[in-house]
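# Analysis of the macromolecular model
One letter stands for each residue in the lines below.
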Amino acid sequence: MFNTFYLFSTTTLITCIASFLVGFFVIYKNNHSKQNFLWGLVSLSSAIWSLGLYEIINSSTESQAIFWNKILYLGAIFIPIFYYHFTVTSLGIERKKKINLIVYYIISFIFLFFNFTSKDFIAGAPPVAGFKFWLSVGYLYYFYFSFFVYLVISSFFHLARGIKVLSGNKRSQMNLIFLTGLVGFGGGVTNFFPQIFGIYPLGNYFVFFYVLIVSYAITVHKLMDIKLILRASIVYALSLLTVAFGFYILQKGLGQTILSFKNGILFVGIIVLIMCFDKIKDYYFHVANKYFFSSLYDINDVMIDINDILKTTFEVEDIYKKINDVIEGALHCEGIAILIYEKRRETYGVEYNNGFAIKKKVHFGGNKYIHDAFTAQGKIIAVSEIKEKIEFDKIRKTQVFKNLIKYGVELLVPLNTKEGNLGFLAIGGKMSNEDYNKDDYKLLEVASVDIAIALEKSLLYEKTQRFNIVLKNKVNQATAKLKFQNEELKTLDKMKSEFISVASHQLRTPLTANKWALEFLTENEKNKMTRSQRESLDEINQSNERLIKLVNELLNISRIDDGRLKVDPVPVDVAKLIKEQMKEFMPIARHKELKVIEKYEKLPLVKLDKDIITKAISNFLSNAIKYNRDGKRLWVSVKKYNRKELIIKIQDEGIGIPESEQKNLFQKFYRASNAATSNTEGTGLGLYIAKKAIEQSGGTLWFESKENIGTTFYITIPFKGSRRVKGEKGLV
Amino acid sequence: MTKKVEKKSSEKFKICIVEDDKMLGKYLLASFQKEEGIDVQLAQNGNDGIELIKEMKPDLVLLDVMMPIKNGFEVLEEVRQEKSLDKAKIIMLSNLSSKSDMDQAKKLKAYDFWTKVDMNTTEIVEKVKKILSK
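For the structure given in this document, a descriptive report is provided here. (Residues numbered from 1 in each chain as written. Chains lettered and ligands numbered in written order. Predicted model: local features only at pLDDT ≥ 70, side-chain atom pairs only at ≥ 80, totals over all residues. Heavy atoms only, no water.)

### Side note on the overall build of chain B
When helices and strands are counted, chain B shows five helices and five strands. Listing every helix and strand of chain B by position from the N terminus yields β-α-β-α-β-α-β-α-β-α. Buried positions account for 51% of the 134 residues belonging to chain B. Across chain B, the fraction of contacts at a sequence separation of at least 24, relative to all contacts at a separation of at least 6, is 62%. Carbon together with sulfur atoms contributes 47% to the accessible area of chain B, which is approximately 6,800 Å² in total. (Helix = DSSP H or I, 4+ residues; strand = E, 2+ residues; numbered from the N terminus. Buried < 20%, exposed > 50% of the residue type's maximum accessible area, 1.4 Å probe, protein only. Contact = heavy atoms within 4.5 Å. Areas by Shrake-Rupley, 256 points an atom, 1.4 Å probe, with all protein chains shown as cover.)

Structure (structure tokens):
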């Protein structure tokens, strides 16, 4: 009885200390992780609970035991809610369970309140199930117990459901959390039995296991490798037992011998046993590997992980890193490097390294022999094989092999594809100092095929990317050259425009002088002139006006063709504009005795450059009058054409345009033959400019004409008007 | 055509012409000199123009844009800085008919911008008279 009590007490204390250490360590290690933080809370609550338990059974008075009971439940009330919280957080369903969490926390705090205030929760600490002090409870306690069981089952339920849909690493993590719960709560729940059923809390010892084994696994092995921990625990426990057994035999065997001699033998025996401990341990590891833990991983799981990576990763560096993580996780090797073969240099370059003292991008001489061996066989080569087998004679002497030994590489795993050998994985020795077994070879052989294919793709992709960059650079260079040439052209173009504008200014000034001098002459001296002198004066004046017009139109054409025509749209009443234009032409129309029929529809304002549209319209009107025959009719109308456009129609009964010449009408300097004879003043530029001006305003233009019957011009203009163009010059 | 323009007082209207082209200046001057109600003077470059304007304090200035040494816009800018010349209506004369020049004229508060080649002197005189009698 005493021994059982002692064991119970000690394991409880150890659980307390271990839980505290684990809780502290988990939070300390990564206090940014919510998962770690919550697991730390679970552990610390467990520590408080164990401390309470230890102090209760070791209390000397009942009031003391009652006090420690209250401390115990300070921890015990929160263990399930923290575990639940940890579970939903780990499963990523915390947000979905937010309301549940809040409610559960509130309930937990209510129980905490009762724990410290109500006798209906903890009633007393009478002796139960062989303990001097234990616990008697009130009716509130049963609510708490139900709540406890509910939360634990609920957590298990979520875990079981969550694990089903998970795969890979996450699945094993969740499995471990599940196992933790089973061991911990499975053991812990028996502590309810004395006060409720009067049964001895046998499971308490398991609680100790849960903390010691599982928490260690969680912190050190990132919730991944419970098998390794189990194996290590069993191996060490067996080793210790063997040594202890040795002591026992020694003591028994030497029981009757002389004291001093006995002590001497014992001393030597202890030394020998301690020295043997490592060997014994290695032996057990060997046995454990052979019979129980022939592989520490499931090849299928590892392959699933590798396939996941290769499916989702495309960047070479990422693939290296992730392959390293998976293989290291499975084999627990001391180093992994990935060396890629470079055909040109006949060397393997270290492209990835984790754990070896090699610098990245290092190339070793003598790689060709390894490459040949890989190409010939495509099998994993162990460094120990190279040391022993004759077929590797050449490799043995190479610098690269000497380096491989130096860095502690044990396996060379070729990455072969259909195209040949891509490179190899250099795998270091196992951390456990074991040899690589059949399963390891099998895993590496199967995995290396997939890895090689993925790497080949990825390297090709990288090469393409690099090529793209080269291409991009070339395009950039060409673009820069074109830009430069373009700038040069622009400069030239600007010079041309400047020349035209200067030239036109230079031409226009003397033309103006001529104009004003002729005007002066006409006004002041005309009366003194003879008739023929007056006629000549008029002719000079006409020629001068023609020259002015020609210069103006050349200037306009240069501006239009440059594309530097400024378009500055303002709202324009097109009908009103035409009406005003017509007024200006009326004197000439009257002179030719034309019958003008105007018809203007009321239309919305259109945003147009007033100068440009005026220039265009006046050209058509002036033509319609100029080329009309005396006494004939002229129709001018503006109306809505369709939903989007208005239409201007200008119809005359003039000389018309010969059908064969109609297609040339809008060409620069083109003049219809009959127009040239009937009117010598035209430049052949007016219609070209007018057409461009209409087009600039977003409009369209066409005509119908019959020689000696008349011509009709149609001009459409969109209601939305013309675009603004930030040019430099307007039309003159 | 020779309809008299008169200020409300018996004073004559004062007009400055700043034009570097000798021929253009000559004909412009001549056509204004025929007008009785107008006192007109000519300057043949920008610097002289500024001096003349400051001295004469004209009602209206016909100011050529393209001139050596000081162009029309520079003259306009300087004149506009002189408070006593606020009332002078300044009309820019040019043969370049560039939109940007017109915009600049507007910005510098010129009264108008005329293209010489499009007009004869009679038209200019008539237009000026119309502006003055406003």
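### Considering the packing of aromatic side chains
Residue and element names in this part refer to chain A. The final tally for this structure, using the stated rule, is 35 aromatic pairs over all chains. A ring pair is formed by Tyr 348 and Phe 424, whose centres lie 4.9 Å apart and whose planes are at 70 degrees; its orientation type is edge-to-face. With Tyr 348 in strand 4 (residues 347–354) and Phe 424 in strand 7 (residues 420–428), this residue pair connects regions lying 76 residues apart in the sequence. Classification of Phe 424 by relative accessible area gives buried; the value is 0%. Note that Lys 691 overlies the ring of Phe 666, its terminal NZ or CZ placed 5.6 Å from the centroid. (Phe/Tyr/Trp six-rings, centres within 6.5 Å; stacked < 30°, edge-to-face > 60°. Lys NZ or Arg CZ within 6 Å of the ring centre and 35° of its normal.)

### Things to note about the interface of chain A and chain B
The partner chain B presents 25 residues to the 23 residues of chain A that form the contact. Taking both sides of the interface into account, the surface hidden between chain A and chain B amounts to around 2,200 Å²; carbon and sulfur atoms contribute 58%. Summed over the three residues of chain A that lose the most area to chain B, namely His 505, Arg 508 and Trp 516 of chain A, the buried surface amounts to 31% of that side. The salt bridge partner of Asp 103 of chain B is Lys 566 of chain A, with a shortest N-O separation of 2.7 Å. Taken together, the elements giving at least two residues each to the side of chain A that touches chain B come down to helix 18 (438–525) and helix 19 (531–562) of chain A. Counting residues per element, the side of chain A that touches chain B draws most heavily on helix 18 of chain A, which supplies 12 residues. Partitioned by chemical class, the residues of the side of chain A that touches chain B number six nonpolar, six polar and 11 charged. (Buried area = accessible area lost by both parts, 1.4 Å probe. Salt bridge = Lys/Arg side-chain N within 4 Å of Asp/Glu carboxyl O. Nonpolar A, V, L, I, M, F, W, Y, C, P; charged D, E, K, R; others polar.)

### Here we look at a positive patch on the surface
All names here are of chain A. Taken together, the side chains of Lys 576, Lys 579, Lys 583, Lys 602 and Lys 610 define a basic patch exposed on the protein surface. Broken down by element, the residue count for the positive patch peaks at three residues, all from helix 20 (residues 574–591). With respect to the element layout, Lys 610 can be found in helix 21 (residues 610–626). Lys 610 sits in the partly exposed class, given a relative accessible area of 48%. (Patch = residues over 30% accessible without salt bridge, like charges linked within 9 Å, V, L, I, M, F, W, Y side chains within 5 Å. Lys, Arg positive; Asp, Glu negative; His and termini not counted. Charge placed at Lys NZ, Arg CZ, Asp CG, Glu CD.)

### As for the pattern of salt bridges
If you walk through the whole model with that rule in mind, you get 16 salt bridges over all chains. We note a salt bridge from Lys 430 of chain A to Asp 440 of chain A, for which the minimum N-O separation is 2.6 Å. Of this pair, Lys 430 of chain A sits in the loop between strand 7 and helix 18 while Asp 440 of chain A sits in helix 18, placing them 10 residues apart in sequence. Since its relative accessible area comes to 8%, Lys 430 of chain A is described here as buried. One salt bridge in this structure joins Lys 70 of chain B and Glu 78 of chain B, with 2.8 Å as the shortest N-O distance. A relative accessible area of 27% means that Glu 78 of chain B is categorised as partly exposed. Several salt bridges converge on common partners, so that one network encompasses Glu 19, Asp 64 and Lys 116 of chain B.

### Describing the pairing of strand 5 (residues 112–115) of chain B
Moving residue by residue along a regular strand, the side chains alternate between the two faces of the sheet. Residues and elements named next belong to chain B. Pairing between strand 4 (residues 89–94) and strand 5: four bridges, direction parallel. Bridge pairing links Leu 93 to Trp 114 in strand 5. With helix 4 (residues 99–107) bridging strand 4 and the parallel strand 5, this β-α-β connection has right-handed handedness. (Pairing = 2+ DSSP bridges. Right-handed = clockwise from strand over helix to strand, strands pointing away.)

### Considering a nonpolar patch on the surface
A cluster of nonpolar side chains, contributed by Ile 17, Phe 20, Leu 21, Phe 24, Phe 25 and Tyr 28 of chain A, occupies part of the molecular surface with about 660 Å² of accessible area. Along the polypeptide, Ile 17 of chain A turns up in helix 1 (residues 2–29).

### Quick look at the sheet that holds strand 9 (residues 595–600) of chain A
Residue and element names in this part refer to chain A. Strand order across the open sheet formed by five strands is 9-11-12-14-13, with mixed pairing between neighbours. The open sheet has two edge strands with one neighbour each: strand 9 and strand 13 (700–706). Within the sheet, the average angular offset between the axes of one strand and its neighbour, ignoring direction, is 10 degrees. Two strands pair when backbone bridges link them, and strand 12 (residues 645–652) and strand 14 (residues 710–718) are joined in this way by seven bridges, in the antiparallel orientation. Looking at strand 14, one finds that Ile 648 is bridged to Ile 715. (Axes fitted to C-alpha atoms, helices over the stretch in contact; angles between N-to-C directions.)

### Section: the nonpolar core
All names here are of chain A. Membership of the largest hydrophobic core comes to 57 residues, with the highest contact counts inside it found for Tyr 73, Phe 121 and Tyr 144. At the level of secondary structure, the elements contributing two or more residues to this core comprise helix 1, helix 2 (34–57), helix 3 (62–76), helix 4 (78–90), helix 5 (98–117), helix 6 (139–165) and helix 7 (168–188). Ranked by residues supplied to this core, first place goes to helix 6 with 11 residues. The residues contacting Tyr 73, other than those within four sequence positions of it, are Asn 115, Phe 121, Ile 122, Leu 135, Tyr 141, Tyr 144 and Gln 195. The next biggest cluster of nonpolar side chains, apart from the first, holds 51 residues, and it includes Val 572, Ile 625, Tyr 627 and Ile 648. (Core = buried A, V, L, I, M, F, W, Y, C linked by side-chain atoms within 4.5 Å.)

### Observations concerning the environment of Thr 509 of chain A
Tracing the backbone shows Thr 509 of chain A in helix 18. It is 10.0 Å that separates the C-alpha atoms of Thr 509 of chain A and Ile 548 of chain A, two residues lying 39 residues apart in sequence. Contacts of Thr 509 of chain A, omitting those with residues within four sequence positions, involve Asp 21, Leu 24 and Asn 95 of chain B.

### Looking at the sheet that holds strand 5 of chain B
Two orientations exist for strands paired in a sheet by backbone hydrogen bonds: parallel and antiparallel. All names here are of chain B. In space, the five strands of this open sheet follow the order 2-1-3-4-5, with parallel pairing throughout. Strand pairing shows two members of the sheet lacking a second neighbour, strand 2 (38–43) and strand 5, which therefore form its edges. Between one strand axis and the next, the sheet turns by 20 degrees as a mean value, whatever way the strands run. Taken together, the six bridges between strand 1 (residues 13–18) and strand 2 define a ladder with parallel strand orientation. Its bridge partner being in strand 2, Ile 17 is matched across the sheet by Leu 42.

### Points about empty space enclosed by the protein
All names here are of chain A. Here the structure, examined in full by the defined rule, presents four cavities of 30 Å³ or more. Its volume calculated, the largest cavity comes out at about 310 Å³. Together, 26 residues line the largest cavity, and Trp 49, Ile 79, Phe 148, Gly 188 and Val 189 are the ones closest to its centre. Only helix 2, helix 3, helix 4, helix 7 and helix 9 (204–220) provide two or more residues apiece to the lining of the largest cavity. For the lining of the largest cavity, the element with the most residues is helix 2, which contributes six residues. (1 Å grid on protein atoms, 1.4 Å probe; cavity = no way out; pocket = protein on both sides within 12 Å on 5 of 7 lines; lining within 4 Å. Points joined across faces, edges and corners; volume = space filled by probe spheres on them.)

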